[in-house]
Amino acid sequence: MKKMIWTAVATVCALVGPACPAHADAIVKKGKVGLSVKGNGLSVDRAGGWMDGHGTGVRARLYTVHGGVRADITRWKDATPVSAGARKLSNVGWNFKGRKFSNGTWLCIEFNKSGSRPCAKIHR
């Protein structure tokens, strides 16, 4: 049980850990939903998100907005319930391996069980 809790804590810390103010790195929270983006310059290595609370059928996807045009970049992915002490989260992540985005692109996450959609701007 302790091993599972420490794994959950490590996962949460990886997502909500300190963000460098440089380029593609960002952590944004809006309402019950958070977004974490890690990368360098206009390249994104990984992105993930969390929603406060557990639920059945919680799914998330990422989309971009550039020049006023929205484009889905991932399909819906099932979120994993994570408990860290008294805190309960639904967690999801993607590995982009350095995928490049245009300067000024907004990378956003949406969960099917929440109306909050935080976005992070990818810029030079």
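Our structure is the block above this text.
Cut-off values and rules
Residues numbered from 1 in each chain as written. Predicted model: local features only at pLDDT ≥ 70, side-chain atom pairs only at ≥ 80, totals over all residues. Heavy atoms only, no water. Core = buried A, V, L, I, M, F, W, Y, C linked by side-chain atoms within 4.5 Å. Buried < 20%, exposed > 50% of the residue type's maximum accessible area, 1.4 Å probe, protein only. Helix = DSSP H or I, 4+ residues; strand = E, 2+ residues; numbered from the N terminus. Contact = heavy atoms within 4.5 Å. Pairing = 2+ DSSP bridges. Axes fitted to C-alpha atoms, helices over the stretch in contact; angles between N-to-C directions. Disulfide = S-S within 2.5 Å.

## With respect to the nonpolar core
By size, the foremost hydrophobic cluster in this structure holds 22 residues, and its most contacted members are Leu62, Ile109 and Phe111. Among the elements of the structure, strand S2 (33–40), strand S3 (43–52), strand S4 (59–66), strand S8 (87–100), strand S9 (105–111) and strand S10 (119–122) are those that each provide at least two residues to this core. Once you skip the residues sitting within four places of it in the chain, Phe111 turns out to touch Val33, Gly49, Trp50, Met51, Val58, Arg59, Ala60, Trp76, Ala79, Ser90 and Val92.

## Notes on the sheet that holds S8
Read across the open sheet, the five strands follow the order S1-S2-S3-S8-S7; overall the sheet is antiparallel. Each of the sheet's edge strands pairs with one partner strand only, and the pair in question is strand S1 (26–30) and strand S7 (80–84). The average angle at which neighbouring strand axes cross in this sheet is 25°, direction not considered. Looking at chain direction, S1 and S2 are connected through five bridges and run antiparallel. Considered in S2, the bridge of Val28 is made with Leu35.

## Some points on the state of the cysteines
Within this structure, the stated rule accounts for one disulfide. There is a disulfide in this structure between Cys108 and Cys119, and the S-S distance comes to 2.0 Å. An S-S torsion of about 110° defines the bridge between Cys108 and Cys119 as right-handed. Of this pair, Cys108 sits in strand S9 while Cys119 sits in strand S10, and the two are 11 residues apart along the sequence.

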